[in-house]
Amino acid sequence: SNREEKEKVAEKIASMVTDNDIIGVGSGSTAYLALLKIAERIRNEQLHIRAIPTSQEIKMACAKLGIPLTSLLEHKPNWTFDGADEIDFSHNMIKGRGGAMFKEKLLISSSPRTFIIADSSKMVSKLGSRFPVPVEIFPDALVHVDQALQSLSPVEIKLRMAQGKDGPVITENGNLILDVRFDNIPDNLENAIKSITGVIESGLFMHYEVLILSSEEL
Ligand code: DER
C-alpha cells in the first residue's frame, strides 16, 4: 500500500544517516515520516546530526524532535532528502504541492547528493499528467507574470487560494503561487518560466542530479 511504501523509503533514508551529518530536509509527508525515523535513530544511537529545514513545518518538527538546526549560511549539507509529486523516467520532477519548492530547490542545488523518496504513485510516464507546475511569484507581478506565462501555452493558470485564511496562499517567502497546468512539458520549460521577471521559482526540476529511492527498488 501507499503507506507501507512510504514507510519503506523513509526507513531507507533513516538508515543512511551517519554521525555528524549535515542533512537538508525536504518537506511533505514522506520527508516528514523519514524525519521521525531519523529522530528515533538519533535517540537510540546518540547520533549527532544537524538539519537544514525547507519549511516552517520541518523546522518545528526538528525543534520538537530535538534535532539541532542549522542553515546554508553556516554549513553546506552533506546530502539532502526530499519528496516529489511527479517523477518521470528521466528523473525530471514536479514538486511544490506543499508550497516549499523555493527552499527545496535551493537545498537540492546546494547538496552534493540528493535522494528523492517516493511511493510508486509518484512515478509518471508523462510529466504534468497529474499535477500542475507551481510557480512562486512576487505578489505585485501577478498580472505581468500571468500574461507572460500565456506565451508558454498553458492549459490553465490558477492562483493558489488559502484554506486557513481568506485570499491567496502567501508562501513562507511572502509570495503568491500560481498553479500552471501544461499538456506538454518541453526540456526548456523550467528555464523559460524562470526567465519571466517576477517569477521567484517553480516546482519544475528538469535534469537535476537526484537519486530516486522508490519502494520498488528496495
Ligand atoms: O511540496 C513538495 O515538493 C513535497 O516534496 C511534495 O511534493 C511531496 O509531498 P508528499 O511526500 O506529501 O507527497
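A brief report on the enclosed structure follows. (Residues numbered from 1 in each chain as written. Predicted model: local features only at pLDDT ≥ 70, side-chain atom pairs only at ≥ 80, totals over all residues. Heavy atoms only, no water.)

### Some remarks on the overall build of the chain
Okay, so step 1: Within the chain one finds 6 helices and 12 strands.
Okay, so step 2: A compact globule built from 218 residues should have a C-alpha radius of gyration of about 17 Å, and the chain, at 17 Å, falls within 12% of that.
Okay, so step 3: The C-alpha extent of the chain, read off along each of the three principal axes, is 55 × 35 × 30 Å.
Okay, so step 4: Across the 218 residues in the chain, those meeting the buried criterion constitute 51%.
Okay, so step 5: Long-range contacts, defined as pairs at least 24 residues apart, comprise 77% of the intrachain contacts of the chain with a sequence gap of at least 6.
Okay, so step 6: Only carbon and sulfur atoms are counted for the fraction: they give 52% of the accessible area of the chain, which is about 10,600 Å².
Okay, so step 7: The centroid of the 24 positive side-chain charges in the chain is displaced by 3 Å from the centroid of its 30 negative side-chain charges. (Helix = DSSP H or I, 4+ residues; strand = E, 2+ residues; numbered from the N terminus. Rg over C-alpha atoms; globule rule 2.2 N^0.38 Å. Buried < 20%, exposed > 50% of the residue type's maximum accessible area, 1.4 Å probe, protein only. Contact = heavy atoms within 4.5 Å. Areas by Shrake-Rupley, 256 points an atom, 1.4 Å probe, with all protein chains shown as cover. Lys, Arg positive; Asp, Glu negative; His and termini not counted. Charge placed at Lys NZ, Arg CZ, Asp CG, Glu CD.)

### Re the pairing of strand β3 (residues 79-82)
Okay, so step 1: Residues of β3 alternate between two faces, with W79 and F81 on one and T80 and D82 on the opposite face, all of them buried.
Okay, so step 2: Two elements, strand β1 (residues 22-25) and β3, share 3 bridges in a ladder whose sense is parallel. Opposite V25, over in β3, you have F81 as the bridge partner. (Pairing = 2+ DSSP bridges.)

### Considerations on the site of the ligand
Okay, so step 1: The immediate surroundings of the ligand are formed by 14 residues, with S29, T30, D85, G98 and K122 found nearest.
Okay, so step 2: Take D82: an N or O atom from its side chain is 3.2 Å from an oxygen atom of the ligand.
Okay, so step 3: R97 places a polar side-chain atom, nitrogen or oxygen, 3.0 Å from an oxygen atom of the ligand.
Okay, so step 4: Calculation on the ligand without its partners gives an accessible area of 360 Å², and the protein chains cover 95% of this total. (Near = heavy atom within 4 Å. Polar contact = N/O pair within 3.5 Å; in protein donor to acceptor, adjacent residues only side chain to side chain.)

Interpretation in functional terms is not warranted from these geometric data alone.
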